[in-house]
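Chain residues, written in single-letter form:
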Amino acid sequence: MPSAAKRLFRHLTLDLSPLRDSRDYRLLFASGVITMFGTMISMVAVPYQMKELTDSYLAVGLVSLAEFVPMVVCGLWGGAIADALDRRKIIVLSELGLLVTSAALMVNALLPDPQVWVLYVMGAVSTGIASLQRPSLEAVIQQVVKHEQQSAAAVLSSLRWNFGAIVAPALGGLLVTWSTGAAYAIDTLTFVVSMFLLWRVRSLPAAEDAAPASLRSLVDGVRYAVSRRDLTGTYLVDMAAMVFAMATALFPFLAEELRTPQALGLLYSASAIGALIASVTGRWTARVHRHGLGVIVAATLWGVAVALTALAPNFWLVFVCIALAGAADMISGIFRITMWNQTIPSEYRGRLAGIELLSYASGPMLGNARAGLMAGFGGVPFSLGSGGVLCVAAVLALAATLPGFRRYDARTDENALREKARREAAAAPTEPVA
């Protein structure tokens, strides 16, 4: 193979160095793979069981509403405690809580007369616990992976999520038609195995001078985020992309208009397939240092792909456009995660992970609401096309108004250099005392 082809192949393959070099990252990654499958199966099982028990669209929709407030409140508080307490302890205790909620859903499903209220309560509680845990899970990667390997870790985490998002829902769909109790039992088992892995992760205590978890520390975290225009750019661009171009709520209508209602599942998996391909071939992202510009380009391509969906004349071209949109969104996510983990000081990482959780969780919710309203006004193609165009316009406007974000370069950014030096100093062996 010619040397140029070899270099291209190497840049398009996975960089496994974080898994090779960090025992704690291997444990966290394996735990994430296992629980991802169980959680995705339960995400299919809960609405399915609610539909079977109530036969009500409203009852199924209220499950998401019940989960929204715990996500917001616990996401922010989870960020505060992630900076104030031992992150390993938070992760392990949260995993135990998720095991209990999954077991409660299993027991309820196996009852002769399963109770609807259990689905609402356990759905809200499990969402709250997961939101408490998520900032610590994201912040801890900064502690267990080398500074120069953060981009590779972001690609691996994205690969794990997308693989689970494609395979687990399909498995969940098969399981729930047989037994929802069995689906919840598998989820419970995954948490048992995950607990064993997480227990072996070393202790990751907060800094000695860490601010205690409080409303004041939350406000301090928000102030820090606002003071960093580069970080503000990552939040605003992602929000703009999701609000204006997210449209998964329209997929049932789109499949019907394309006269392929039986292929609805493929529309939902198209984005994840595109994102998975982007993750598998994402080693090249480690060579990119202009992460802000990378986010801008990727978010623009996301909007363009969604707009082209409105013009695609048949199902398979629509599928390709959605897959391209998913790949662009994944590349944007890789660059954003790399920026966050390479530039945010460890003492703020948890609180800002809580803010990040709100930005990427609320954006799709608002985007689907926008898509439904615009479709009601002008139809599905109008909603997709105009949403994609508005996304591109909003992203370019933000790029113009946030020059610090647009010009960010990891090789020269003072925050990135400071964090790199701090972590190298912390990893360096100390001189023995004479």
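Each remark here, short or long, concerns the structure printed above.
Residues numbered from 1 in each chain as written. Predicted model: local features only at pLDDT ≥ 70, side-chain atom pairs only at ≥ 80, totals over all residues. Heavy atoms only, no water.

Some points on the overall build of the protein
So, point 1. Counting its secondary structure elements, the protein contains 18 helices and zero strands.
So, point 2. A compact globule built from 434 residues would reach a C-alpha radius of gyration of about 22 Å, and the protein, at 22 Å, matches this within 12%.
So, point 3. Across the 434 residues of the protein, 53% fall into the buried class.
So, point 4. Across the protein, contacts joining residues at least 24 apart in sequence account for 87% of those joining residues at least 6 apart.
So, point 5. Counting every atom, the protein has about 20200 Å² of accessible surface; 69% of that belongs to carbon and sulfur. (Helix = DSSP H or I, 4+ residues; strand = E, 2+ residues; numbered from the N terminus. Rg over C-alpha atoms; globule rule 2.2 N^0.38 Å. Buried < 20%, exposed > 50% of the residue type's maximum accessible area, 1.4 Å probe, protein only. Contact = heavy atoms within 4.5 Å. Areas by Shrake-Rupley, 256 points an atom, 1.4 Å probe, with all protein chains shown as cover.)

Remarks on the pattern of salt bridges
So, point 1. Counted by the stated rule, this structure contains 13 salt bridges.
So, point 2. In this structure, Arg87 engages Asp83 in a salt bridge whose closest nitrogen and oxygen atoms are separated by 2.9 Å. The pair Arg87 / Asp83 is uniform in exposure class, with both members buried.
So, point 3. Linking Arg134 and Glu138 is a salt bridge whose minimum nitrogen-to-oxygen distance equals 2.9 Å. Of this pair, Arg134 and Glu138 are both found in helix 6 (residues 116-144), four residues apart, which corresponds to roughly one turn of the helix.
So, point 4. By relative accessible area, Glu138 is classed as buried at 15%.
So, point 5. Salt bridges here are not isolated pairs; linked through shared partners, they connect Asp83, Arg87, Asp220 and Arg351. (Salt bridge = Lys/Arg side-chain N within 4 Å of Asp/Glu carboxyl O.)

Side note on the nonpolar core
In globular proteins that are soluble, nonpolar side chains generally tend to be buried together.
So, point 1. Counting 52 residues, the largest nonpolar core has Leu254, Leu267 and Trp302 as its most contacted members.
So, point 2. Where this core is concerned, the elements lending two or more residues are helix 7 (150-178), helix 10 (229-245), helix 11 (251-257), helix 12 (264-280), helix 13 (291-309), helix 14 (315-343), helix 15 (346-378) and helix 16 (380-401).
So, point 3. Here this core takes 12 residues from helix 14, the largest share from any one element.
So, point 4. In this view, Leu267 contacts Phe251, Leu254, Ala255, Phe315, Val318 and Ile322; residues no more than four positions away in its chain are not counted.
So, point 5. One finds Leu28, Phe29, Val92 and Leu156 within the second-largest nonpolar core, a separate group that totals 22 residues. (Core = buried A, V, L, I, M, F, W, Y, C linked by side-chain atoms within 4.5 Å.)

Considerations on the packing of aromatic side chains
So, point 1. Within this structure, the stated rule accounts for eight aromatic pairs.
So, point 2. Taking the centre distance of 4.4 Å and the plane angle of 10° together, the rings of Tyr224 and Tyr348 count as stacked. A residue pair is termed long-range when its members are at least 10 positions apart, and Tyr224 in helix 9 (residues 215-227) and Tyr348 in helix 15 qualify at 124 residues.
So, point 3. A relative accessible area of 15% means that Tyr224 is categorised as buried.
So, point 4. Feature note: the residues Phe315, Trp316 and Phe319 constitute an aromatic cluster, connected by ring pairs.
So, point 5. A cation over an aromatic ring shows up here: Arg88 above the ring of Trp199, its NZ or CZ 5.1 Å from the ring centre. (Phe/Tyr/Trp six-rings, centres within 6.5 Å; stacked < 30°, edge-to-face > 60°. Lys NZ or Arg CZ within 6 Å of the ring centre and 35° of its normal.)

Describing the side chain of Asn108
So, point 1. Tracing the chain through its elements places Asn108 in helix 5 (residues 87-110).
So, point 2. Residue Asn108 is classed as buried on the basis of its relative accessible area, which comes to 3%.
So, point 3. Reaching out from Asn108, the side chain makes a polar contact with the backbone nitrogen of Gln115 at a distance of 2.9 Å. (Polar contact = N/O pair within 3.5 Å; in protein donor to acceptor, adjacent residues only side chain to side chain.)

Side note on the environment of Met365
So, point 1. If you trace the backbone, Met365 turns up in helix 15.
So, point 2. Sequence separation of Met365 and Thr190 is 175 residues, and the distance between their C-alpha atoms is 28 Å.

Here's the deal with a nonpolar patch on the surface
So, point 1. Nonpolar side chains collect at one region of the surface, where Phe68, Val69, Val73 and Met365 lie side by side and expose about 350 Å² of accessible area between them.
So, point 2. With three residues, the top contributor of residues to the nonpolar patch is helix 4 (residues 57-84).
So, point 3. With respect to the helices and strands, Phe68 occurs in helix 4. (Patch = residues over 30% accessible without salt bridge, like charges linked within 9 Å, V, L, I, M, F, W, Y side chains within 5 Å.)

Brief notes about the packing of helix 15 against helix 16
So, point 1. Where helix 15 meets helix 16, the axes come as close as 7 Å, and the angle between the chain directions of the two elements is 130°. Between helix 15 and helix 16, the angle is such that the two are oblique. Regarding helix 15 and helix 16, the two cross each other, and that crossing is right-handed. Contact residues: helix 15 offers Arg370, Ala371, Met374, Ala375, Phe377 and Gly378, while helix 16 offers Val380, Phe382, Ser383, Ser386, Gly387 and Leu390. (Axes fitted to C-alpha atoms, helices over the stretch in contact; angles between N-to-C directions. Parallel < 35°, antiparallel > 145°, perpendicular 65-115°, else oblique. Left-handed = near helix turned anticlockwise from the far one by under 90°.)

Overview of helix 10
So, point 1. Between its first and last C-alpha, helix 10 extends 24 Å over 17 residues, near the 24 Å set by a 1.5 Å rise per residue.
So, point 2. Buried residues belonging to helix 10 abut helix 9, helix 13, helix 14, helix 15, helix 16 and helix 17 (403-406). (Expected span 1.5 Å × (residues − 1).)

Some points on the packing of helix 13 against helix 14
So, point 1. Between helix 13 and helix 14, the least distance of the axes is 8 Å, while the angle of their chain directions is 160°. For the element pair helix 13 / helix 14, the angle class is roughly antiparallel. At the point where helix 13 passes helix 14, the crossing takes the left-handed sense.
So, point 2. Here the contact of helix 13 with helix 14 is composed, by residue class, of 16 nonpolar, seven polar and two charged. (Nonpolar A, V, L, I, M, F, W, Y, C, P; charged D, E, K, R; others polar.)

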